[in-house]
Each structure stands twice: as C-alpha cells, then as structure tokens.
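# A closer look at the structure
Okay, here's what each chain looks like letter by letter:
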Amino acid sequence: MSVLDVFGDDTRRDESGAAPSPAETAAAPARRGRGTWPPALLAGSILFGVIATLLLLAPWLAPYPPAQQDLVARLEGASAAHLLGTDHLGRDVLSRLLDGGRFSLAVASVTLVICAVTGTLVGFLAARRGGLLDTVVMRVTDILLAFPEMVVALFLVAVLGTGDLTLVLALTIGGWTPFCRLARGVALELNGRDFIEAAQALGCSGWFIIRRHLLPNALPPLLAHAALRFGHKLITVGALSFLGLGVQPPSSDWGSMLSEATPYLDRSPLLVLAPGAAIFLAALSVTLTGRGLETRRARTGRAS
C-alpha cells in the first residue's frame, strides 16, 4: 500500500486504470465547488418553496372565507373545525393566515424587484459615467443609508397617508441604496478588465457593456443580496401593518393580524403565535437562501 493510498490522492483513475490528464486534475476542484450545494441553501429553498406553494394555493386550501365571521365561535382554540382557532370576530385564523400571507409576500416581492432594478441600474450608470453623476449618487445613497429603512418608511407613510401604493413607495425609496452601492462596487472592479476595454475599443455602447458584461458578472452577488433583503422587507411590511400604517381593513396581513391579536394574548395565545411564526419562518427561509447563495458563490470563486 502506497502513501497515496493511505492519505488519499485528488487524482482519480478511470475504469481503464489511466490517470487523468493535468487539465482534468486542475478542473476537479472547480467541479467540486460548482457541484456543492450548501445545506443552508437547500433548507431555505425548500422551506420557502413550501410557504410560497401554500400561499399560492390559499383560495383552495383555506377552509373558510377569510372575512367570514361567527361571533358564537369567537376566540375558540384549535379544534377539528378550526385548526388554528378563531379570532375575536370568530374568523378562522388559518384562512386569514393564508390570505394575509399573500399580501405580505406580494408587497415584499414587488418592492424588492423595484429596489433591485433601480439600484442596480443607477449603480452601473454611476460607475460607468463617473464624475459628477457618481459623486451625486453616492452622496444621496450616503444620506439615505444614514437613516434606517423603517424610519424612512414611517416618515413617508405618515406624510403621504396609508395605502398599498404608499407602502410600496415608502419601502422603495428607502431600499434601493444597498443594491446601488453593491452594483457600483462590482462595476468599478470590472471596469479595468480586458474584456471591458476590448468592448469599448470595438465601439460598443454603454448599455451593451452593462447588459452583456456587467450584469452577468454582478448577478450572483446581487441575487444573494436580494434574498437577504427580502426577509428584511417582509419584516418591515409586518411592522408597518402592526403599527396601523400598512394594509387597511377589511384586508389583512400577518402584521395586522398580530396587532389585532395583541389584546387577546392571555385568552388565546395562538392568535399571536400563528402570524408571528409565519413571519419568522418566511424571513428565515429567504435568509438561509441568501446565506447559502453567498457560501456557494464563495466556494465556486475559490475553486475556479
């Protein structure tokens, strides 16, 4: 038995007994890095997939209409008729949980897409143009980043009033800056690369360079960051609704369900636990997915 047999060898022989070529040996770590799926990514993706599927099928899975009241059965505990009990108006908690989750995820998704697209384009343009545009964009992002996103959203909702469009606008104005800084950093790193200079020498337009070269290279970190920001958006939507500045009756979401259930915490703890657990699990799933994407990108980068 040789030393390599004891301690292992990265080179593996094929069925014919021939050792792999140097090129195959050098490419093996990259293949292993690309083929490795971090446990956090798998767990987060599966959990989010289950939650999203349940919410998409809510009209068919909900046992009762979410607004249907039964004052005789108000504040009942979990039972065969109401798996998660009823609220102070006799409405089925499970039905409201499924229906309210659709609104929470929809608002978080819409605002995240707007923030990601806006911030990425502004960051790319600032890095490509430079000069005064870059300076102005960075100073604006510094000012907005100095205030927590929740504070900006509270101010705008208080000034503009409540409503779905106001909520989306408030979350968008305070949420595009992290994507802008990330996209600008990636673009500045790539600006000096040979393929960017070659594209400029060939007379390619700035939009072509952004679409063909900058965006594909910036997409992995942007996706990982978007997954992490999604959980933050979801919590912010719930917090604003809990304060009465989000969705308005008769509609509901997880945050408003928490707010309505707080006075009845001692009589029916499940009213608070159900929407709280839903927010926690949804935020946890996207956070795990984002961490997993970052880990996979780091492994792939080291392997390559």
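Here the structure is a predicted model, which is why all the values come from computation and not from measurement.

## Quick look at the environment of Leu94
For Leu94, the position within the fold is in helix H5 (residues 93–129). Overall, the relative accessible area of 19% leaves Leu94 in the buried class. Distance from Leu94 to Pro275, taken between C-alpha atoms, is 9.4 Å for residues 181 residues apart in sequence.

## Comments concerning helix H9 (residues 177–190)
Between its first and last C-alpha atoms H9 spans 20 Å; for 14 residues at 1.5 Å apiece the expected length is 20 Å, and the two agree. Those residues of H9 that sit buried are Thr177, Pro178, Phe179, Cys180, Ala183, Arg184, Val186, Ala187 and Leu190.

## With respect to the environment of Ala227
Within the secondary structure, Ala227 sits in helix H11 (residues 206–242). Classification of Ala227 by relative accessible area gives buried; the value is 12%. Beyond its immediate stretch of four places on either side in the chain, Ala227 contacts Val286, Thr287, Thr289, Gly290 and Leu293.

## As for the confidence of the model for the chain
Taken residue by residue, the chain gives an average pLDDT of 79. The fraction at 70 or more is 86%. When mean pLDDT is compared element by element in the chain, helix H3 (residues 39–56) scores highest at 90, while helix H1 (residues 3–7) scores lowest at 40.

## Concerning a nonpolar patch on the surface
Together, Trp37, Leu42, Ile46, Val50, Leu54, Leu56, Leu57, Trp60 and Leu61 give the surface a local cluster of nonpolar side chains, amounting to about 970 Å² of exposed area. It is H3 that contributes the most residues to the nonpolar patch, five residues altogether. Considering the arrangement of structural elements, one finds Leu56 in helix H3. Here Leu56 falls in the exposed class, since its relative accessible area comes to 61%.

## As for the nonpolar core
Residues Phe124, Phe179, Leu214 and Trp254 are the most contacted members of the largest nonpolar core, which totals 45 residues. Of all the secondary-structure elements, those providing two or more residues to this core are H3, H5, helix H6 (131–145), H9, helix H10 (194–201), H11, helix H12 (254–261) and helix H13 (270–303). At 12 residues, the largest contribution of residues to this core is made by H5. Setting aside residues up to four positions removed in sequence, Trp254 forms contacts with Leu55, Leu97, Gly100, Gly101, Ser104, Leu105, Leu234, Pro275, Ala278, Ile279 and Ala282.

Thresholds, definitions, all that
- Residue positions are counted from 1 within each chain, in the order its sequence is given.
- Per-residue local features of the predicted model are confined to residues with pLDDT of at least 70, and side-chain atom pairs are confined, for both listing and counting, to 80 or more; whole-chain, interface and lining totals are unaffected and use all residues.
- The basis for every side-chain value is the complete set of non-hydrogen atoms in the structure, without hydrogens or water.
- Secondary structure elements are taken from DSSP: a helix is a run of H or I of four residues or more, a strand is a run of E of two residues or more, and numbering for both begins at the N terminus.
- Any residue under 20% of the maximum accessible area for its type is buried, any over 50% is exposed, and the rest in between are partly exposed; the area is computed with a 1.4 Å probe on protein chains only.
- Expected span of a helix: the number of residues minus one, times 1.5 Å.
- Every residue pair with non-hydrogen atoms within 4.5 Å of one another is taken to be in contact.
- The predictor attaches a confidence to each residue, called pLDDT, with possible values from 0 through 100.
- Patches here: salt-bridge-free residues with over 30% relative accessible area, like charges joined within 9 Å, nonpolar side chains (Val, Leu, Ile, Met, Phe, Trp, Tyr) joined within 5 Å.
- The method behind every accessible area is Shrake-Rupley, applied with a 1.4 Å probe, and residues are considered shielded solely by the protein chains displayed.
- The working definition used for a salt bridge is a side-chain nitrogen of Lys or Arg within 4 Å of a carboxyl oxygen of Asp or Glu.
- Take the buried residues of types Ala, Val, Leu, Ile, Met, Phe, Trp, Tyr and Cys, join any two whose side-chain atoms come within 4.5 Å, and each joined set is a nonpolar core.

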